[in-house]
Amino acid sequence: MPGERLRVEVQGRSLDLSNLDKVLYPAAGFTKGEVIDYYTRIAPVLLPHLADRALTRIRYPNGVDGGSFFEKNAPAATPDWVRVATLPAPGSSKGRETIDYVVADDLPTLVWLANLAALELHTPQWRIGEHPDMLVVDLDPGSPATLRQCCQVALLLRDRLLVDGVHAYPKTSGKKGMQLCCPVAGTQSADVVSGYARRIAQELEQAHPQLIVSRMAKNLRPGKIFIDWSQNNAAKTTVAPYSLRAQPMPAVSAPLTWDEVEAGAAGKRPATKPYTPAEVLDRADHHGDLLADLLTPGPEVQL
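Residues numbered from 1 in each chain as written. Predicted model: local features only at pLDDT ≥ 70, side-chain atom pairs only at ≥ 80, totals over all residues. Heavy atoms only, no water.

Q: With reference to specific residues and values, describe the overall build of the protein.
A: Within the protein, the secondary structure is distributed over six helices and 17 strands. In summary, the protein has a C-alpha radius of gyration of 19 Å against a globular reference of 19 Å for 303 residues, a match within 12%. Reported as C-alpha extents along the three principal axes, the dimensions of the protein are approximately 60 × 40 × 35 Å. Taken over 303 residues, the protein has a buried fraction of 52%. (Helix = DSSP H or I, 4+ residues; strand = E, 2+ residues; numbered from the N terminus. Rg over C-alpha atoms; globule rule 2.2 N^0.38 Å. Buried < 20%, exposed > 50% of the residue type's maximum accessible area, 1.4 Å probe, protein only.)

Next comes the structure, spelled out in C-alpha cells:
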C-alpha cells in the first residue's frame, strides 16, 4: 500500500524504507526498491569512491519524469549515525558560508540516501581537508558528434597525459558523453590541477581543430567534442563512478576498459547506448572495480 514502511537492519543500523513499489523510471517500470537493491549490490565498488568526499545528491522523489533538486546540506531528520562534515561553501548560490555535507562512507548511509530517491551521486575531486587527488575531464559531444567521437578524443587525451606520467581511466557519463579520471598527487591546489587540464585541452584543440574544442562557448561545439577542463574547479562536482543517472531508462556512469574505448572509437559499443544497472553489476562481478587505481595517488602536474 502507498506509504507502507519496511523496517530493515543494515550493518547494525535500523532504517525505515518506504514506497518500495514506487516507479522512479516509468519507461522501464524501475522502482525505488530496485534502486535500493542496485545501490546495495554495487556498494563494494562504489563506496571507496565516495569515502571522505562531500556528497552532492540529485533527488527525484517523483521519479525521473517529475521534479528534481540538488541537495548538498544534510536533510532534516538525518540519522545521528550518518557522517556529516561542515565545510566552506565555495560558489554557494545561496550565499552560505558553510554547508553540512553528508559523507557516504558506509552501506547504511548509501541505503538511506537511495530511500530518499537520491538517484544521482556527485563528488568533488578532493577528499575532505585535502587538495585534489583526482583530475577529471568531461568529454561532451556537440551534435551531430556522438560517443564514438568522445572515445576518439579519450584516446588522444590518454596518450597525451601519459607523456607527463598521468594515467587516465575512462567511464561513461551515463548520458551522452564520457569522462576521464586521473589520480594526481593530492599536494596541489585546484587552480594548479585545473590550469594543467586547461593547457592539455588547448594543446589538443590546436592539434585537432576539426574534432576538439576547449572553449566554453556553445556555438563552437556542433560536431566537435568539448573537453571540459573546468570540472577541476574547487566548486565543481562530477557524477561518481557507478552512480545512476536520471535518464528515461535506468543508466549508470560505468567504468570502461581501454579496449572498450578503442572499440567505441571504431564505431562499436560503448558508442551505442548507456550501460544499465544490471549490466554494470555483471561487469563489476567480472572485472571488479576498473577504477580501483584512482584510489592510489598519482603524480604532480605542471601548469
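On we go from here.
Q: Quick one: what's the story with the nonpolar core, residue by residue and with numbers?
A: Ranked by size, the top nonpolar core spans 78 residues in total, and within it Y39, I42 and L157 carry the most contacts. Looking at this core, the element that brings in the most residues is helix α1 (residues 32-50), giving 10 residues. Each of domain 1 (5-123) and domain 2 (134-295) contributes no fewer than three residues to this core. The residues contacting L157, other than those within four sequence positions of it, are V137, L139, L180, I200, L204 and I227. (Core = buried A, V, L, I, M, F, W, Y, C linked by side-chain atoms within 4.5 Å. Domains from an automatic or database assignment. Contact = heavy atoms within 4.5 Å.)

Q: Lay out the domain arrangement of the protein with the relevant residues and their values.
A: Taken domain by domain, the protein consists of domain 1 (5-123) and domain 2 (134-295). When each unit is reduced to the centre of its C-alpha atoms, the spacing between domain 1 and domain 2 is 24 Å. Taken together, the contacts link 23 residues of domain 1 with 27 residues of domain 2. Approximately 2,300 Å² of surface area, both sides summed, lies buried where domain 1 meets domain 2, with 67% of it carried by carbon and sulfur atoms. On the domain 1 side of the contact with domain 2, Y25, Y38 and H49 bury the most area, a combined 28% of that side's loss. In this structure, the connection of domain 1 to domain 2 is made through one salt bridge. Between R245 and E120 there is a salt bridge, and its shortest N-O distance comes to 3.3 Å. Run the count over domain 1 and domain 2 and you get 10 residue pairs in polar contact (both at pLDDT 80 or more). (Buried area = accessible area lost by both parts, 1.4 Å probe. Salt bridge = Lys/Arg side-chain N within 4 Å of Asp/Glu carboxyl O. Polar contact = N/O pair within 3.5 Å; in protein donor to acceptor, adjacent residues only side chain to side chain.)

Q: Residues and numbers for the packing of aromatic side chains, please.
A: When we look at a pair of aromatic rings, we describe it by the centre distance and by the angle of the planes. In this structure the tally under the stated criterion is two aromatic pairs. Geometrically, the ring pair formed by Y25 and F30 is edge-to-face, given 5.6 Å between the ring centres and 80 degrees between the ring planes. F30 carries the same exposure label as Y25, and that label is buried. Above the plane of the ring of W258 lies R158, whose end atom (NZ or CZ) is 4.8 Å from the centre. Of note, R283 hangs over the ring of Y275, and the distance from its end group to the ring centre comes to 4.4 Å. (Phe/Tyr/Trp six-rings, centres within 6.5 Å; stacked < 30°, edge-to-face > 60°. Lys NZ or Arg CZ within 6 Å of the ring centre and 35° of its normal.)

Q: Give me the lowdown on the pattern of salt bridges, citing residues and values where you can.
A: Applying the stated criterion to the full structure yields 18 salt bridges. When the shortest N-O distance is used, the salt bridge between R158 and D159 registers 3.0 Å. Take D159: its relative accessible area is 42%, and that puts it in the partly exposed class. Overlapping salt bridges, with partners in common, bring together R160, D164, R199 and E203 in one network.

Q: Residues and numbers for helix α5 (residues 258-265), please.
A: Along α5, the positions that sit buried rather than exposed are W258, E260, V261, G264 and A265. Here the buried residues of α5 occupy an arc of 155 degrees about the axis, which is enough to place them on one side. Here the buried face of α5 lies against α3 (147-163), β11 (169-172), β12 (178-183) and α6 (277-287). The positive-phi residue at the C-terminal boundary of α5 is G267, with phi of around 100 degrees. (Arc of directions from axis to C-beta.)

Q: Provide a residue-level description of the sheet that holds strand β10 (residues 134-141), including the pertinent values.
A: In spatial order, the strands read β11-β12-β10-β14-β13; together these five strands make up an open sheet with mixed pairing. With partners counted over all chains shown, the strands left at the sheet margins are β11 and β13 (212-213), one partner each. The sheet contact formed by β13 and strand β14 (residues 225-228) spans two bridges and is parallel. Across the sheet, residue I212 finds its bridge partner in β14, namely I225. Across the face of the sheet, helix α4 (residues 190-207) comes into contact with β10, β13 and β14 while running at roughly 40 degrees to β10. (Pairing = 2+ DSSP bridges. Axes fitted to C-alpha atoms, helices over the stretch in contact; angles between N-to-C directions.)

Q: Can you explain the sheet that holds strand β6 (residues 69-71)? Please cite residues and give values.
A: Reading across from one edge, β6-β5-β9-β15 is the order of the four strands in this open sheet, with antiparallel pairing throughout. One side of each edge strand has no neighbouring strand; the edge strands of this open sheet are β6 and β15 (238-239). Relative to strand β9 (residues 118-123), strand β5 (residues 56-59) runs antiparallel, the two sharing four bridges. Counterpart to R57 in the pairing with β9 is L121.

Q: Got a sec to walk through the pairing of strand β1 (residues 5-10)? Specific residues and values, please.
A: Moving residue by residue along a regular strand, the side chains alternate between the two faces of the sheet. Pairing analysis gives six bridges linking β1 to strand β2 (residues 13-18), with the strands arranged antiparallel. The residue of β2 that forms the bridge with L6 is L17. Hairpin geometry of β1 and β2 is characterised by an intervening segment of two residues between the two adjacent antiparallel strands and by a positive phi of about 50 degrees at Q11.

Q: So what's going on with the environment of H49? Residues and values would help.
A: Secondary-structure assignment places H49 in helix α1. Residue classification places H49 among the buried residues on the basis of a relative accessible area of 6%. Expressed as a C-alpha distance, the spacing of H49 and C151, which sit 102 residues apart in the sequence, is 23 Å. Contact partners of H49, with chain neighbours within four places excluded, come to T123, P241, Y242, D289, L291, L294 and L295.

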